[in-house]
Amino acid sequence: MWLACCAATRPDDGSFTDAASLEALDLSSNQLTSVPTNLPRRLRKLTLRHNDILHVPAFSFRHLRPGLQSLQLSHNHLSDGSADRASFVGTYRSMSELLLDNNRLEEVPPFIRQFKSLKMLRLDNNHIRAVRRWGICHPRNPGSMLAAVHLENNRLQVDRIPADTFSCLIDAQGLVLYPQQGQSNS
């Protein structure tokens, strides 16, 4: 079952927790300031685009079974520190799509490399200035499924990114780095 919701329903009032068969929920454009915590247990896809989200609370997704597969947080107000490793407990083995584009991030969130099933990562249109060597891929996490990483329209100096930063990407064509803000494509 899929549900798109309007501003008339408050997602934190528990109105969705009893929806046993709900697998996809779209709460876009609802002026939410935080990711709801009382989500349906069987939820697999959560869309929260075009809100005012500033924070992803710790353990928001821990109760979900079999686990969230897609989280779309595009066009919000997330910045560094808006979420930490505990925010995504319960999703590290199930998440395949994480969209954090069009936010206010200045660095790649440090928990990104913890996702074991991630295939699509969008971090474009933020304020990211650098990507740390093991910020996305770590040599102790073999068997990556990561097929696409979008980092275009940030503030990166692409020539300063260490060569093995994206070594876990299963297809080099899935890496999008250009254009960058205030720089030419050369």
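Labelled according to an unreviewed UniProt entry, the protein chain appears under the name Podocan-like protein 1, originating from Takifugu flavidus.

(A) Spotlight on the layout of surface pockets. Looking at the largest pocket, its volume works out to about 180 Å³. As for the largest pocket, its lining consists of 15 residues, of which R113, F115, I136, N141 and S144 are closest to the centre. Here the lining of the largest pocket is built from residues that sort into nine nonpolar, four polar and two charged.

(B) Spatial organisation of the state of the cysteines. In total, this model carries one disulfide according to the counting rule given. In this model C137 forms its disulfide with C168; the gap between the sulfur atoms is 1.9 Å. Taking the torsion about the S-S bond as the criterion, the C137 to C168 disulfide, at about -60°, is left-handed. Residue C137 is found in the loop between β6 (120–122) and β7 (148–150), and its partner C168 is found in the loop between β7 and β8 (175–176); the two are separated by 31 residues along the sequence. Each of the two residues, C137 as well as C168, counts as buried.

Rules of the game
- Residues numbered from 1 in each chain as written.
- Predicted model: local features only at pLDDT ≥ 70, side-chain atom pairs only at ≥ 80, totals over all residues.
- Heavy atoms only, no water.
- 1 Å grid on protein atoms, 1.4 Å probe; cavity = no way out; pocket = protein on both sides within 12 Å on 5 of 7 lines; lining within 4 Å.
- Points joined across faces, edges and corners; volume = space filled by probe spheres on them.
- Nonpolar A, V, L, I, M, F, W, Y, C, P; charged D, E, K, R; others polar.
- Disulfide = S-S within 2.5 Å.
- Helix = DSSP H or I, 4+ residues; strand = E, 2+ residues; numbered from the N terminus.
- Buried < 20%, exposed > 50% of the residue type's maximum accessible area, 1.4 Å probe, protein only.

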